[in-house]
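# Structural overview for review
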Amino acid sequence: MSVRVQQEDFDLGAEVRRLAGGRSDIGAIVTFTGVMRGDNDGRAVAGMTLEYYPGMTEPELARVEAEACNRWPLQASLIVHRVGTLKPGDNIVLVITASAHRQAAFAAAEFLMDYLKTRAPFWKKESGADGTQRWVDAREGDEQAASRWRAG
Amino acid sequence: MSVRVQQEDFDLGAEVRRLAGGRSDIGAIVTFTGVMRGDNDGRAVAGMTLEYYPGMTEPELARVEAEACNRWPLQASLIVHRVGTLKPGDNIVLVITASAHRQAAFAAAEFLMDYLKTRAPFWKKESGADGTQRWVDAREGDEQAASRWRAG
Amino acid sequence: MAVTVLYFAWVREKIGKSEERVEFPAGVKTVAEAVAWLKTRGPEYADAFARPDVVRAALDRTHVKPDAKIAGASEIAFFPPVTGG
Amino acid sequence: MAVTVLYFAWVREKIGKSEERVEFPAGVKTVAEAVAWLKTRGPEYADAFARPDVVRAALDRTHVKPDAKIAGASEIAFFPPVTGG
């Protein structure tokens, strides 16, 4: 159960080995990797800068992770979120959940991503291929995706 | 879009790199790794043998994968299933889905696992820690999990 | 009509073989009829197919229901519910 | 009551600074009132808070609603809806 905010890239395989390697109580490991695309809303994107709120972002991620552990029987979990300057094809975010059964691992990973997207203080600024810059707008769909966990 | 049945272990990180490395049209990569647990239904398990139907299992996995590609806009997908003798902590199955957005990648990965569990010809025989052997029973819950995709 | 019949997992273990060539009588038209006929071949078959609703079948490597017609198939497989994943 | 006020993303860019110490008047009790008062400090603030329903706030690094009381907080942050993940 840990969270990290970092500029450096992460290594999916190494993170999974560190979390689950050598354990025989884990039956299911789900990972989500968010990758920067070269287009957004039909616009060609050349780069992106991720800003965050040091001192709030980390505990907010930890709260989201703790909530997932409350809801599902997880043996292990990890959230890694990158900040700084990224280019298309670069990794942005990694979520890993491990449980005895697949349903819990899948549900917890989706929950972490939905909640992270609406609660964790990160802001993306895109540089268009045409040289213009713009702050990415929050997506209404993300708010809806997060809200489905409130009833459950 | 490919499927493999093999005795050898797989390397999660390498498989994801092979599928998505260097691509900027993929925004979301979901992986599911099924791992052999050291207990099942409260019984301590020492090992497992996975039998399959060569010539049917591979095309059946390919059909399941093709169905997922019909239902969701996937940029890439992979199913790897191991056969032969395994011990607790060993990898059993790997599913990877890649899409522009996370909802499609998550849904397709869950669908692949649910369908694979009820359709792909694999049979598990467990060796208990007490030396007894038994064929694993199909779980009613897996059939229910698969059936939820039929209405949608 | 001679077809290759394959058995997997505990069906294979109960019958004691993984594969055989079988000449089904002309009256055997469906998978369910093939199972009923196989059960008459000996106690090991009767045991393997004791609960025919549990045993699954494939014709030429495609899942089929008990009422599927076997005419034209070159391979019939019988196996328990699958437990992969 | 002097508190540290932080601005992020386009709120920071519009106001032209990322951090300042602010002495709020005694009548400013809530986050919404703090926003209304900040808007009177100059056109850059008025611009940043032109749509106060869009700007989010945190008190001492916890998300809060506009009606949250600021008394006792040592750090107030204002930022757009988050776009991580």
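Look up a bit, the structure's there.
Before going into details, it helps to say that this report is about the structure given with it. (Residues numbered from 1 in each chain as written. Chains lettered and ligands numbered in written order. Predicted model: local features only at pLDDT ≥ 70, side-chain atom pairs only at ≥ 80, totals over all residues. Heavy atoms only, no water.)

Turning to the packing of aromatic side chains, a few remarks are in order. Throughout the structure, instances matching the rule amount to 28 aromatic pairs over all chains. An angle of 85 degrees between the planes, with centres 5.5 Å apart, marks the rings of Phe111 of chain A and Trp149 of chain A as edge-to-face. Residue Phe111 of chain A is located in helix H3 (residues 102–119), and its partner Trp149 of chain A is located in helix H4 (residues 140–151); the two are separated by 38 residues in the primary sequence. We classify Phe111 of chain A as buried; its relative accessible area is 0%. By relative accessible area, which is 12% here, Trp149 of chain A ends up buried. Look at Trp123 of chain A and Phe79 of chain D: their rings are 5.2 Å apart centre to centre, the planes differ by 50 degrees, and that puts the pair in the tilted class. Of this pair, Trp123 of chain A sits in strand S8 (residues 122–128) while Phe79 of chain D sits in strand S5 (residues 75–79), on two different chains. (Phe/Tyr/Trp six-rings, centres within 6.5 Å; stacked < 30°, edge-to-face > 60°. Helix = DSSP H or I, 4+ residues; strand = E, 2+ residues; numbered from the N terminus. Buried < 20%, exposed > 50% of the residue type's maximum accessible area, 1.4 Å probe, protein only.)

Looking now at the interface of chain C and chain B. With 19 residues of chain C at the contact, the number on the chain B side is 26 residues. Of all residues in chain C, Arg61, Thr83 and Gly85 of chain C bury the most surface against chain B, accounting for 36% of the area lost on that side. Here chain C and chain B share two salt bridges between them. The partner of Lys125 of chain B in a salt bridge is Glu13 of chain C, with the nearest N and O atoms 2.4 Å apart. Our count for the contact surface shared by chain C and chain B stands at 11 residue pairs in polar contact (both at pLDDT 80 or more). Secondary structure elements with two or more residues in the side of chain C that touches chain B: helix H1 (9–15), strand S4 (62–64) and strand S5 (75–79) of chain C. (Contact = heavy atoms within 4.5 Å. Buried area = accessible area lost by both parts, 1.4 Å probe. Salt bridge = Lys/Arg side-chain N within 4 Å of Asp/Glu carboxyl O. Polar contact = N/O pair within 3.5 Å; in protein donor to acceptor, adjacent residues only side chain to side chain.)

What follows covers the arrangement of the chains. With three pairs of chains in contact, the largest contact count belongs to chains A and B. Here chain B and chain D are not in contact; the least distance found between their C-alpha atoms is 10 Å. These two, chain C and chain D, are apart from each other, with no contact and a minimum C-alpha gap of 29 Å.

What follows deals with the relation of the copies chain B and chain A. Overlaying chain B on chain A yields an RMSD of 0.0 Å, the required transformation being a rotation through 180 degrees with an accompanying axial translation of 0.0 Å. Put plainly, the chains are arranged around a two-fold axis. Relative to the rotation axis, the closest C-alpha in chain B is found at Gly13 of chain B, a distance of 2.1 Å. Taken together, the interface assignments show that 100% of the residues at the interface of chain B recur at the interface of chain A, consistent with an identical surface on both copies. (Least-squares fit on C-alpha atoms with pLDDT ≥ 70 in both.)

Once that is clear, we can look at the interface of chain B and chain A. Each partner contributes residues to the interface: chain B has 33 residues there, and chain A has 33 residues. Each partner contributes to the roughly 2700 Å² buried at the junction of chain B and chain A, and carbon and sulfur atoms together form 55% of this total. In terms of surface lost to chain A, no three residues of chain B exceed Arg37, Arg102 and Phe106 of chain B, which account for 26% of the buried area on that side. Run the count over chain B and chain A and you get four salt bridges. Where Asp142 of chain A meets Arg102 of chain B, a salt bridge forms, and the shortest distance between an N and an O atom there is 3.1 Å. Looking at the side of chain B that touches chain A, the elements that each hand over two or more residues are helix H1 (12–20), strand S2 (28–35), helix H3 (102–119) and helix H4 (140–151) of chain B. Considered class by class, the residues forming the side of chain B that touches chain A number 15 nonpolar, 10 polar and eight charged. Note that strand S2 (residues 28–35) of chain A and S2 of chain B share seven bridges and pair antiparallel. (Nonpolar A, V, L, I, M, F, W, Y, C, P; charged D, E, K, R; others polar. Pairing = 2+ DSSP bridges.)

This part is about the environment of Ser127 of chain B. Tracing the chain through its elements places Ser127 of chain B in strand S8 (residues 122–128). Among the polar contacts listed, one links the side chain of Ser127 of chain B to the side chain of Gln133 of chain B, at a separation of 3.2 Å.

The next point concerns the sheet that holds S5 of chain C. Residue and element names in this part refer to chain C. Overall, mixed pairing links the five strands, which are arranged S2-S1-S5-S3-S4 in an open sheet. On the outer flanks of this sheet lie strand S2 (19–23) and S4, each paired with one strand and no other. Averaged over all pairs of adjacent strands, the angle between strand axes in this sheet comes to 30 degrees, irrespective of strand direction. Those strands touched by helix H2 (residues 31–39) are strand S1 (2–7), S2, strand S3 (56–59), S4 and S5, and its axis lies near 70 degrees from that of S5. (Axes fitted to C-alpha atoms, helices over the stretch in contact; angles between N-to-C directions.)

Keep in mind that these numbers describe shape and distance, not what the molecule does.
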